[in-house]
Amino acid sequence: MMLCNDTLQGYYTNNFALMKHHGWSLSDLENMLPWERDIYILLTENWVKEQNEKAEQAKQQRGA
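Keep in mind that what you see is a predicted model, and the values were worked out from it rather than measured.

## Brief notes about the overall build of the protein chain
Right, so step 1: Along the protein chain, the regular secondary structure elements total three helices and zero strands.
Right, so step 2: When its helices and strands are written in sequence order, the protein chain yields α-α-α.
Right, so step 3: For the C-alpha atoms alone, the extent of the protein chain along its principal axes is close to 45 × 20 × 20 Å.
Right, so step 4: Looking at the protein chain as a whole, 20% of its 64 residues are labelled buried.
Right, so step 5: Taking contacts inside the protein chain between residues at least 6 apart in sequence as the whole, the part at least 24 apart equals 38%.
Right, so step 6: Summing over all exposed atoms, the protein chain offers an accessible surface of approximately 5,100 Å²; the carbon and sulfur share of this is 56%.

Below, the structure written as structure tokens:
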């Protein structure tokens, strides 16, 4: 998942992804300060990357 707030479309895409896949509420997201939101988006992006890496490693171990 690529999270980016450079455009209005990116803003809404991020809101949707954070609400649908990570359980944030729209009011929580809209009440964040811009820098606070950026930090949570970065942390979420890092978490997703880690989960994908773990899943890939588990898949490789099952196949080996």
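## A closer look at the confidence of the model for the protein chain
Right, so step 1: Chain-level statistics for the protein chain give a pLDDT mean of 89 and a share of 91% at 70 or above.
Right, so step 2: Mean pLDDT values for the elements of the protein chain range from 92 in helix H1 (residues 8-22) up to 95 in helix H2 (residues 26-30).

## Thoughts on H1
Right, so step 1: A rise of 1.5 Å per residue sets the reference length of H1, with its 15 residues, at 21 Å; its end C-alpha atoms lie 20 Å apart and thus fit the reference within 8%.
Right, so step 2: Taken together, the buried positions of H1 are occupied by Gly10, Asn14, Asn15, Ala17 and Leu18. Down the axis of H1, the buried set is contained in an arc of 165°. They therefore lie on one face. Of the exposed residues in H1, the ones pointing more than 90 degrees away from its buried face are Leu8, Gln9, Tyr12, Phe16 and Lys20.
Right, so step 3: At its buried positions, H1 is contacted by H2 and helix H3 (34-63).
Right, so step 4: With its phi angle positive at about 80°, Gly23 sits one or two positions after the end of H1.

The rules we used
Here the residue numbering is sequential within each chain, running from 1 through the sequence in written order. Owing to the predicted nature of the model, reporting of local features is limited to residues with pLDDT of at least 70; listing and counting of side-chain atom pairs is limited to 80 or more, with chain, interface and lining totals taken over all residues. Only heavy atoms go into the side-chain values, all of them from the structure, while hydrogens and water stay out. The helix and strand labels rest on DSSP assignments: H or I over at least four residues marks a helix, E over at least two residues marks a strand, and numbering proceeds from the N terminus. Exposure is judged per residue with a 1.4 Å probe applied to protein chains only, and the accessible area is read against the type maximum: over 50% gives exposed, under 20% gives buried, and values in between give partly exposed. Contacts: residue pairs with any heavy atoms within 4.5 Å of one another. Using a 1.4 Å probe, the Shrake-Rupley method yields the accessible areas, and only the shown protein chains count as cover for residues. Per-residue confidence from the predictor is given as pLDDT, running between 0 and 100. Expected helix span is given by 1.5 Å per residue-to-residue step, counting one fewer step than there are residues. Working note: the arc is built from the helix axis to C-beta atom directions.

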